[in-house]
Amino acid sequence: MNLHILGICGTFMGGIARLAQQLGHRVTGSDRNVYPPMSDELANAGIEVMQGYEPDRLDPRPDLVIIGNALSRGNSSVEYVLSEKIPYISGPQWLAENVLPGRMVFAVSGTHGKTTTASMLAWLLHDAGLDPGFLIGGVPENFGRSASLGGPDLFVVEADEYDTAFFDKRSKFVHYRPDVLIINNLEYDHADIFAGIGEIQRQFHHLVRTVPGNGLIIAGAGSAHIDTVLEMGSWSPLIRFGDASSAWRTESLTRDYSGFQVIDEGREAGRVGWSLFGKHNADNALAALLAARRAGILPQQACASLSGFSSVKRRLQLLATVDGISVYDDFAHHPTAIRCALQALRERIGSQRLIAVLELRSNTMKAGIHQHTLAGALEGADLVCVLEPRGLDWDLRASLNGLGDRVCLLPAVADIVERLHRIRKTGDHILIMSNGGFENIYRRLVERLSD
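Quantities reported herein were computed from a predicted structural model and do not represent experimental measurements.

Draft legend 1. Here's a closer look at the overall build of the protein. Helix and strand counts for the protein stand at 15 helices and 23 strands. Relative to its length of 451 residues, the protein is compact, with a C-alpha radius of gyration of 22 Å against a globular reference of 22 Å. Burial status across the protein gives 58% buried among its 451 residues. Only carbon and sulfur atoms are counted for the fraction: they give 46% of the accessible area of the protein, which is about 18000 Å².

Okay, here's the thing in structure tokens:
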């Protein structure tokens, strides 16, 4: 079958392309922005990617068009598909119908940590020789790709609550019907499609409804938002994890959680020593370990495998060290994730100077939904540089007043790079946080620091 994917350079849709190709389909795709890393991954796989959405991208006529959720009515390719009555489908529905049937499905959901946890779980299953398939919204360094068909038995999917497509406004994850569901955490996000936390909880409950009675739900403890979802009704065995009251929790053996214990009912179930750090990563690992138990992997075996886990690109990733200055990249774009990233790095570096660099890129952040918690999230940094977006209808400077003279707002990436170059000191740690490309600030900063 000839498949064409609209929006193919998104991580999810690029993963769909790889899975379709592995199933034997001829795959092409188009996107408005064709850029690495997904463009490189697709090129290496021999998948043709075209720039732009002109209708001639659909010539010759494909047998099926898979439409990404970034496209809407008015897009020239979408209008052509509808007018010419070319069969079309969403990515999540295609996955559900063509890849997931007959497999034990592990779905990893939550506001934060989905990509890392799904990557850990896929690695635990792989390291145990179980050959899982996976589709993850990032590139796990252990695999070097975001998706793999794997064997016929197990599949790990990062379960996103964002909507499915312009013609299907349900959350993506309702299509997956998991046997094992992880809900790491739950907060308000995606203000462009959800009016409030209640709407998100409703979608999560739709997901809970799809888990069978002989399945398993693994949910973070200490979250009132998750409690509300489960109180709406739950029909599957449940494990809560993470906080001091939980049977399953972690205890650090080092200052920064680069070594930790897994505790089950007050007893040590295993120890992990690994390259990652931060309590949030330890909790992600615990969720993955609990899910892997369902596939027969014992906690001690999982702990040993975690020691070989190599993280995910753009998750507290050390990019370079230049003249004693360390530059990190992190996908954090929500106050909770920002706080966790800074806290984890602070625990690792101690009193050395920590500089936070932030792009407010998500629709939720630009809408000012979290303006009252932003300063508190950045409190762990010694200095803060924020790229000031244009057209905000709220006062960003006022929201950051609590940081005093530690914060500076700058209008352009070039200004941030120059300021960091000017104030740099040996021993600095610079943490860059964005859920986008941030105008390639990473490369530009490293090059400038090298001058």
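Still to come is the rest of the account.
Draft legend 2. Highlighting the nonpolar core. Judged by nonpolar contacts, the single largest core of 48 residues is most densely connected at Trp 94 and Leu 95. At 6 residues, helix H1 (residues 11-22) tops the list of elements feeding residues into this core. Once you skip the residues sitting within four places of it in the chain, Trp 94 turns out to touch Leu 3, Ile 16, Leu 19, Ala 20, Leu 23, His 25, Leu 64, Ile 66, Ile 89 and Val 99. Counting 43 residues, the second-largest nonpolar core is a separate cluster that includes Trp 248, Phe 260, Ala 282 and Val 312.

Draft legend 3. Unusual backbone geometry, seen in detail. Put simply, Asp 59 and Pro 60 share a cis peptide bond, and its omega is 10 degrees. Tracing the backbone through its elements, the reader meets Pro 60 in the loop between strand S3 (48-51) and strand S4 (64-67). Backbone geometry at Arg 177 places phi at a positive 50 degrees, although glycine is not the residue there. On the secondary structure map, Arg 177 appears in the loop between strand S11 (168-171) and strand S12 (180-183). Backbone geometry at Phe 438 places phi at a positive 50 degrees, although glycine is not the residue there. Residue position: Phe 438 is located in the loop between strand S23 (429-433) and helix H15 (441-450).

Draft legend 4. Highlighting H15. Burial in H15 covers these residues: Ile 441, Tyr 442, Leu 445, Val 446 and Leu 449. Along the long axis of H15, the arc covered by the buried residues comes to 125 degrees, so they all point the same way. Looking at the buried positions of H15, the neighbouring elements they touch are strand S18 (317-322), strand S19 (325-330), strand S20 (354-359), helix H14 (413-423) and S23.

Draft legend 5. Region of interest: the pattern of salt bridges. By the definition in use, this model includes 18 salt bridges. For Arg 57, the salt bridge identified is with Asp 56, shortest N-O distance 2.7 Å. Given a relative accessible area of 47%, Asp 56 falls into the partly exposed group. Residue Asp 227 pairs with Arg 240 through a salt bridge whose shortest N-O separation is 3.0 Å. Here Asp 227 is found in helix H7 (residues 224-231), whereas its partner Arg 240 is found in strand S14 (residues 238-241), with 13 residues between them in sequence. Salt bridges sharing partners connect three or more residues here, namely Glu 54, Asp 56 and Arg 57.

Draft legend 6. Representation of the sheet that holds S23 in the model. Read from one edge of the open sheet, 6 strands run S18-S19-S23-S20-S21-S22, paired in mixed fashion. With partners counted over all chains shown, the strands left at the sheet margins are S18 and strand S22 (407-410), one partner each. Sheet twist, expressed as the mean angle between neighbouring strand axes with direction ignored, is 20 degrees. For S20 and S23, the ladder comprises 5 bridges, and the chain directions are parallel.

Draft legend 7. Spatial organisation of the packing of aromatic side chains. Going through the model one piece at a time under the given rule, you end up with 6 aromatic pairs. Measuring from ring centre to ring centre gives 5.0 Å for Tyr 88 and Phe 167, while their planes differ by 70 degrees; the resulting arrangement is edge-to-face. A residue pair is termed long-range when its members are at least 10 positions apart, and Tyr 88 in strand S5 (residues 88-90) and Phe 167 in the loop between strand S10 (163-165) and S11 qualify at 79 residues. Judged by relative accessible area, Phe 167 falls into the partly exposed class, the value being 32%. Consider the rings of Phe 260 and Trp 274, whose centres lie 5.4 Å apart with planes at 65 degrees: the pair is edge-to-face. Highlighted residues: Phe 260 in strand S16 (residues 259-264) and Trp 274 in the loop between strand S17 (267-273) and helix H8 (279-293), separated in sequence by 14 residues. The same class applies to Phe 260 and to Trp 274, which are both buried.

Draft legend 8. Just the sheet that holds S3, in detail. One open sheet accounts for 5 strands, arranged S3-S2-S1-S4-S5; its pairing is parallel. A strand with exactly one partner marks an edge of an open sheet, and here the two such strands are S3 and S5. Going from strand to strand, the sheet's axes swing by 25 degrees on average, the running direction of each strand aside. Two strands pair when backbone bridges link them, and strand S1 (residues 2-6) and strand S2 (residues 26-31) are joined in this way by 5 bridges, in the parallel orientation. Bridging from a neighbouring strand, Asn 2 pairs with Arg 26 of S2. The strands touched by H1 within the sheet are S1, S2 and S4, with S1 carrying the most contacts at an inclination of about 170 degrees. Where helix H4 (residues 91-98) meets the sheet, it contacts S1, S4 and S5, and its direction lies at approximately 90 degrees from that of S5.

About the criteria used
- Each chain has its residues counted from 1, following the order in which its sequence is written.
- pLDDT decides what is reported in this predicted model: residues at 70 or higher carry local features, side-chain atom pairs at 80 or more are listed and counted, and totals for whole chains, interfaces and linings draw on all residues regardless.
- Only hydrogens and water are set aside; all other atoms, that is, all heavy atoms of the structure, feed into the side-chain values.
- Segments assigned H or I by DSSP are reported as helices when at least four residues long, segments assigned E as strands when at least two residues long, and all are numbered from the N terminus.
- The globule rule used here is 2.2 Å times the number of residues to the 0.38 power, and the radius of gyration it is set against is calculated over C-alpha atoms.
- Buried, partly exposed and exposed residues are distinguished by accessible area as a fraction of the type maximum, computed with a 1.4 Å probe on protein chains only: under 20%, between the cut-offs, and over 50%, respectively.
- Surface exposure here means Shrake-Rupley accessible area, sampled with a 1.4 Å probe, where a residue is shielded only by the protein chains that are shown.
- Throughout this description, the term nonpolar core refers to a set of buried Ala, Val, Leu, Ile, Met, Phe, Trp, Tyr and Cys residues connected via side-chain atoms within 4.5 Å.
- Residues are treated as being in contact if the distance between any of their heavy atoms lies within 4.5 Å.
- In this description, the arc belongs to the directions extending from the helix axis to the C-beta atoms.
- Each reported salt bridge corresponds to a side-chain nitrogen of Lys or Arg within 4 Å of a carboxyl oxygen of Asp or Glu.
- In this description, strands pair whenever DSSP reports at least two bridges between them.
- For every element, the axis is a line fit to its C-alpha atoms; helices are fit only across the contacting stretch, and the angle between N-to-C directions ranges from 0 to 180 degrees.
- Between 30 and 60 degrees the pair is tilted, below 30 it is stacked and above 60 it is edge-to-face, where a pair is any two Phe, Tyr or Trp rings, Trp via its six-membered ring, whose centres lie within 6.5 Å.

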